[in-house]
Amino acid sequence: MRSGMNQERRAQWLRGVLDLCVLALLSGGESYGYELSQALRAHGLGIVQGGTLYPVLLRLQRSGLLTAHWREGGTGPARKYYRISPAGSAALRAAAIDWSAFASSVGTILREEPKR
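Treat the numbers as computed from the prediction; the structure is a model and nothing was measured.

Engineer: Looking at this structure, how should I read helix 1 (residues 7–26)?
Structural biologist: Of all the bends found along helix 1, the most pronounced is centred on V17 and spans about 55°. Taken together, the buried positions of helix 1 are R10, L14, V17, L18, L20, V22, L23 and L26. Those residues of helix 1 hidden inside the fold are in contact with strand 1 (31–32), helix 2 (33–45), helix 3 (50–62), strand 2 (66–71), strand 3 (79–84) and helix 4 (86–111). The opening residue of helix 1 is N6, an N-cap whose side-chain oxygen sits 2.9 Å from the backbone nitrogen of E8.

Here it is in structure tokens:
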């Protein structure tokens, strides 16, 4: 992530798309919270703290978009693994279409020459 980006703006944008990003990451296979946080960071979204990520995971699980199960860790404590559900996959497909249209509209506005 660009270091000069306004952190408040970044936080607002992230709140709006974190559910979608989590579903997209989990569409590639199951994962646990810390691993998801690292993947979000690797994709340029910066550090996503557990206090931000875990409520999203719980909300997605409660809404039926994710399933979760505990698995013993080989060298550490048990981890809660999350997997996208069929309903989550359908929601992801629909949200991805909506996001593409929205991002395209914003991009068009940002590319327009000033009218003043």
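Engineer: Explanation requested: the sheet that holds strand 3 in the structure shown.
Structural biologist: The pairing of strands in a sheet happens through backbone hydrogen bonds and is either parallel or antiparallel. Strand order across the open sheet formed by three strands is 1-3-2, with antiparallel pairing between neighbours. Strands at the two margins of the open sheet, each flanked by one partner only, are strand 1 and strand 2. Pairing analysis gives two bridges linking strand 1 to strand 3, with the strands arranged antiparallel. Paired with S31 across the bridge in strand 3 is Y82.

Engineer: Just to check I follow, could you spell out the layout of surface pockets for this structure?
Structural biologist: Rolled over the atoms, a probe sized like a water molecule indicates the empty space that remains. Of the voids in this model, the largest pocket is the one considered here, and its volume is about 240 Å³. Along its surface, the largest pocket is lined by W13, V17, W99, F102, A103, V106 and L110. Take the lining of the largest pocket: its biggest share by element is five residues, from helix 4. Tallied by class, the residues present in the lining of the largest pocket amount to seven nonpolar, no polar and no charged.

Basis of the calculations
- Along each chain, numbering runs from 1 in the same order as the chain's sequence is written.
- Totals for whole chains, interfaces and linings use all residues, but because this is a predicted model, local features are given only for residues with pLDDT of at least 70 and pairs of side-chain atoms are given and counted only at 80 or more.
- To obtain the side-chain values, all non-hydrogen atoms of the structure were used and water was disregarded.
- The angle between axes fitted to the seven-residue stretch ending at a residue and the seven-residue stretch beginning at it gives the bend at that residue.
- A run of H or I in DSSP becomes a helix once it reaches four residues, and a run of E becomes a strand once it reaches two; helices and strands are each numbered from the N terminus.
- Accessibility here uses a 1.4 Å probe with only protein chains present; expressed as a share of the type maximum, an area under 20% marks a residue as buried, one over 50% as exposed, and anything in between as partly exposed.
- Any two residues having at least one pair of non-hydrogen atoms within 4.5 Å are treated as being in contact.
- Each polar contact in these results corresponds to two N or O atoms within 3.5 Å; when the atoms are within protein, one needs to be able to donate a hydrogen and the other to accept it, and residues that are neighboring in sequence are counted only if both atoms are side-chain atoms.
- Think of it this way: DSSP has to see at least two bridges between two strands before they count as a pair.
- A cavity here means a set of 1 Å grid points, computed over protein atoms only, where a 1.4 Å probe fits but cannot escape. A pocket is an open set with protein on both sides within 12 Å along at least 5 of 7 lines, and lining residues have an atom within 4 Å of a point.
- Grid points are joined across faces, edges and corners, and a volume is the space filled by probe spheres set on the points.
- Three classes are used, and their members are as follows: Ala, Val, Leu, Ile, Met, Phe, Trp, Tyr, Cys and Pro are nonpolar, Asp, Glu, Lys and Arg are charged, and the others, Gly among them, are polar.

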